[in-house]
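Remarks on the overall topology
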Amino acid sequence: MEISNGIRGLRFRSEQQSQQNTSAAQGPQGSRETQLPQRFNVNGNGTMNVRIVRSPKPLIARKIRSLFSKSQPDTISELFADERFLSKFFFYFAPEERGTLCQVCRLWKNVLYHPKFWVDVTPIIVCRELSRNDDQRCRFYESLQHRGFDTVCLFGATDNEVSDFVAHFQTYKKQIKAVSLRCSNVTDTGMEVLFKKLPCLYKVELSGCNEITETGLWSCLNPKIVSLTISDCINVADDTVGAIAQLLPSLFELNLQAYHVTDASLAFFSAKQGYILSILRLHSCWEITNHGIVNIVHSLPNLTVLSMSGCSKITDDGVELIAENLRKLRSLDLSWCPRITDASLEYIACDLSQLEELILDRCSRVSDIGVGYLSTMTSLRRLFLRWCTQIRDFSLKHIYSMRNLRVLSLAGCTLVSGQGLCGLTQLHNLDELELTNCPSATREVCLYLRENMAHCLVVD
Amino acid sequence: MLKLSETKKRNIKSSEMPRSYACDKAVRMPMIKLQSLEGEVFEIDVEIARQSVTIKTMLEDLGVEDDDEEPVPLPNVNAAILRKVIAWCTYHKDDPPPPEDDENKEKRTDDICSWDAEFLKVDQGTLFELILAANYLDIKGLLDVTCKTVANMIKGKSPEEIRKTFNIKNDFTPAEEEQVRKENEWCEEK
């Protein structure tokens with residue numbers, strides 16, 4: 001393009017020069033005007049482009065002025081009062097920070113009170129701090145609806161507060177898709193109100209709600225629920241799992257943290273769930289043993305995420321069952337299971353060919369041999385070996401060959417050396433490396449790692 | 001003043017060039033002249049100038065010739081700022097085009113490259129002028145990095161401090177102000 005223009009320009013210039021010589025006597029304005037008709041004559045014969053490549057001064061100035069004079073802010077105050085600019089500018093702030101920006105002036109508040117700025121944000125309403133004044137409370141709930149929140153968290157709520165909340169959201173009840181109740185004294189009645197009045201609820205979290213009983217859950221849970229999290233509710237035991245298994249055929253994700261849940265409860269899961277349930281996390285359910293795993297494996301063959309974190313009675317036999325039967329697993333969390341040894345890792349490496357994430361925090365019996373087995377897994381992307389205190393440099397040599405790793409944590413591995421850590425630069429795809437509490441991860445080592453792995457975040 | 005006479009000299013030279021040398025010039029990068037508010041003219045590579053979407057659109061719409069004597073007037077940009085903008089565009093001329101903006105996604109502000117960070121170590125007035133120029137000329141990369149710098153500047157400030165920075169009037173009544181404050185006292189990301 002440039003070359004052809006240049007050649008055309010070459011031709012123009014040579015014509016111009018001859019014309020300029022003839023019309024040298026005239027003033028600049030005059031010469032321009034006479035040049036125009038003359039050049040057109042020349043162009044008429046040739047194969048010139050039809051674009052206007054040179055126009056009289058007034059026309060070009062007018063066109064430039066029209067292009068540039070679209071209403072653009074001239075000063076900084078105008079710029080920061082321009083809605084179009086602000087809509088883009090506010091995306092440079094995290095949601096917590098946008099809260100402050102709402103308070104600057106009315107214009108900023110009006111721009112910010114738009115659902116697109118509050119996607120993926122959950123307001124935590126601390127009920128005890130809610131205003132006693134009806135009007136203020138009403139306006140507060142209105143502002144939540146206005147901003148299009150679909151998830152709400154109620155902290156420290158009582159039955160009255162739940163009823164009040166639901167009453168205010170009546171007109172927009174279809175908006176709420178997920179509710180979370182934390183550290184609340186809500187009883188079965190309150191919970192019933194919540195579930196009945198919010199028809200589009202599909203994700204529920206109950207955390208630290210000690211007044212809720214299993215009877216309540218039996219009457220509340222409805223088939224629309226896709227994701228359920230129950231943690232630290234003292235009355236939850238085997239019967240709850242029975243209720244879940246019976247009442248929630250579309251359940252996709254279950255996070256359960258309950259000290260009284262036993263192996264028998266896991267037998268409640270039937271083939272009905274087996275098709276859909278993909279994510280199962282049993283945190284700190286320390287009554288679960290290998291028998292429980294038999295039940296899981298039998299009825300839930302399609303699991304992609306399994307966490308047995310804190311189920312301290314699990315042994316290598318349990319892991320063997322998991323590896324042989326849950327072939328679709330993508331993520332496995334065996335942290336805080338101190339009875340796991342290298343044998344488990346051998347089973348995992350042999351059978352779980354799709355595993356992308358493996359968490360072995362605090363599995364203190366894992367040693368270099370186990371890591372050696374893991375190094376054969378090409379699918380592994382994220383590996384967490386926090387506080388696996390038997391890991392030495394020999395493990396690191398195995399890890400060097402795991403070229404697909406993106407995230408690696410060696411926090412608390414006290415026996416690895418600085419030199420071994422420096423060899424980690426061979427992992428070209430590493431995005432994140434955690435080395436907290438590693439005595440050999442000195443400032444020099446970290447500097448070396450940061451310099452040689454430019455796009456990796458090294459946490460120390 | 002010096003700058004103007006220098007450019008004049010260059011122009012005279014090009015028109016007096018013998019034809020064979022003009023052939024070489026045909027293959028060289030075309031230039032464009034930009035004129036600041038005070039009338040100072042800067043001649044730069046067209047490819048560098050095309051980082052400004054406004055200038056690029058103008059070139060495509062008007063078909064301005066590469067050896068045009070006519071400088072493009074930029075009445076909203078003074079010479080000092082225009083010089084800085086050209087310096088930024090020249091450094092970044094080989095950058096890949098910025099990816100299509102996902103309009104509704106939160107943007108990071110901690111990924112300003114070190115050259116840009118040094119470049120933007122200027123007083124607040126200059127920074128604001130740069131952001132205005134980048135907005136006026138529609139230079140995406142420069143607007144992005146100046147917005148990030150300004151955002152970092154006001155993060156953590158109270159509403160009153162933010163108002164002072166941008167000279168914004170507080171048009172809330174005391175009751176409204178209290179209401180908005182209460183409506184924003186919480187936050188958690190999913």
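Chain B is annotated in an unreviewed UniProt entry as S-phase kinase-associated protein 1 of Magallana gigas. Within the UniProt record for chain B, the comment given under Sequence similarities (unreviewed entry) is "Belongs to the SKP1 family." The heading Pathway (unreviewed entry) in the UniProt record of chain B holds the text "Protein modification; protein ubiquitination."

As recorded by an unreviewed UniProt entry, chain A carries the name F-box/LRR-repeat protein 16 and is attributed to Magallana gigas.

Some words on the nonpolar core
The nonpolar side chains of a soluble globular protein tend to be buried with one another. If you look at the biggest cluster of nonpolar residues, it comprises 175 residues, and the most contacted ones within it are A:Phe89, A:Trp108 and A:Leu424. Ranked by the residues each element gives to this core, the list is headed by helix α7 (residues 124-137) of chain B, at nine residues. Other than its neighbours up to four places away in sequence, A:Leu424 contacts A:Leu396, A:Ile399, A:Tyr400, A:Leu408, A:Leu410, A:Leu433, A:Leu449 and A:Met453.

What about the UniProt feature "domain: F-box/LRR-repeat protein 15-like leucin rich repeat" (unreviewed entry) in chain A?
Residues and elements named next belong to chain A. In the UniProt entry, the feature "domain: F-box/LRR-repeat protein 15-like leucin rich repeat" (unreviewed entry) is given for residues 184-297 and 301-374. Within residues 184-297, the helical portion is 38% and the strand portion 17%, while the C-alpha atoms at the span's ends are 34 Å from each other. For residues 301-374, the helix share is 36%, the strand share is 12%, and the end-to-end C-alpha distance is 23 Å.

Remarks on the packing of aromatic side chains
Scanning the model with the defined rule gives 20 aromatic pairs over all chains in all. With centroids separated by 3.9 Å and ring planes inclined at 0°, the aromatic side chains of B:Tyr91 and B:Trp115 adopt a geometry described as stacked. With a gap of 24 residues between them, B:Tyr91 in helix α5 (residues 79-91) and B:Trp115 in helix α6 (residues 114-119) connect regions that are remote in the sequence. Judged by its relative accessible area of 45%, B:Tyr91 falls in the partly exposed class. Using a relative accessible area of 28% as the deciding quantity, one classes B:Trp115 as partly exposed. One aromatic cluster in this structure is built from A:Phe80, A:Phe85, A:Phe89, A:Phe90, A:Phe91, A:Tyr92, A:Phe93, A:Trp108, A:Phe117, B:Phe128 and B:Phe166. Above the face of the A:Tyr113 ring, A:Arg147 is positioned so that its terminal group lies 4.1 Å from the ring centre. Sitting over the face of the ring of B:Phe119, B:Lys84 holds its NZ or CZ atom 4.6 Å from the ring centroid.

Digging into the pattern of salt bridges
Residues and elements named next belong to chain A. For the structure on display, the rule yields 24 salt bridges over all chains. With a closest N to O distance of 2.8 Å, Glu 434 and Arg 386 form a salt bridge. A residue pair is termed long-range when its members are at least 10 positions apart, and Glu 434 in strand β13 (residues 432-434) and Arg 386 in the loop between β11 (382-384) and α19 (393-400) qualify at 48 residues. Classification of Glu 434 by relative accessible area gives partly exposed; the value is 21%. What emerges from the salt-bridge pattern is a single network uniting Asp 134, Arg 137 and Asp 164.

Quick notes on the confidence of the model for chain B
All names here are of chain B. In this model, chain B carries a mean pLDDT of 79, and residues with pLDDT of at least 70 account for 78%. Looking across chain B, the model is least confident in helix α1 (residues 2-15), with a mean pLDDT of 46, and most confident in α5, with 92. Counting contacts from residues 1-25, a segment whose pLDDT is below 50, to residues more than four positions away or on other chains yields 16 contacts. Interface predicted TM-score (ipTM) for the complex: 0.76; the corresponding pTM is 0.70.

Observations concerning the sheet that holds strand β1 (residues 31-35) of chain B
Residue and element names in this part refer to chain B. On the basis of which strands lie adjacent, the open sheet formed by three strands has the order β2-β1-β3 and mixed pairing. Each having just a single partner strand, β2 (41-45) and β3 (72-73) make up the two edges of the open sheet. The pairing of β1 with β2 spans five bridges and is antiparallel. Bridge assignment links Ile 32 to a residue of β2, and that residue is Ile 44. Here α5 sits on the sheet in contact with β1 and β2, set at roughly 10° to β2.

The rules behind these values
- Residues numbered from 1 in each chain as written.
- Chains lettered and ligands numbered in written order.
- Predicted model: local features only at pLDDT ≥ 70, side-chain atom pairs only at ≥ 80, totals over all residues.
- Heavy atoms only, no water.
- UniProt positions renumbered as here; feature names shortened; annotations may be inferred.
- Core = buried A, V, L, I, M, F, W, Y, C linked by side-chain atoms within 4.5 Å.
- Buried < 20%, exposed > 50% of the residue type's maximum accessible area, 1.4 Å probe, protein only.
- Helix = DSSP H or I, 4+ residues; strand = E, 2+ residues; numbered from the N terminus.
- Contact = heavy atoms within 4.5 Å.
- Phe/Tyr/Trp six-rings, centres within 6.5 Å; stacked < 30°, edge-to-face > 60°.
- Lys NZ or Arg CZ within 6 Å of the ring centre and 35° of its normal.
- Salt bridge = Lys/Arg side-chain N within 4 Å of Asp/Glu carboxyl O.
- pLDDT = per-residue confidence, 0-100.
- Pairing = 2+ DSSP bridges.
- Axes fitted to C-alpha atoms, helices over the stretch in contact; angles between N-to-C directions.

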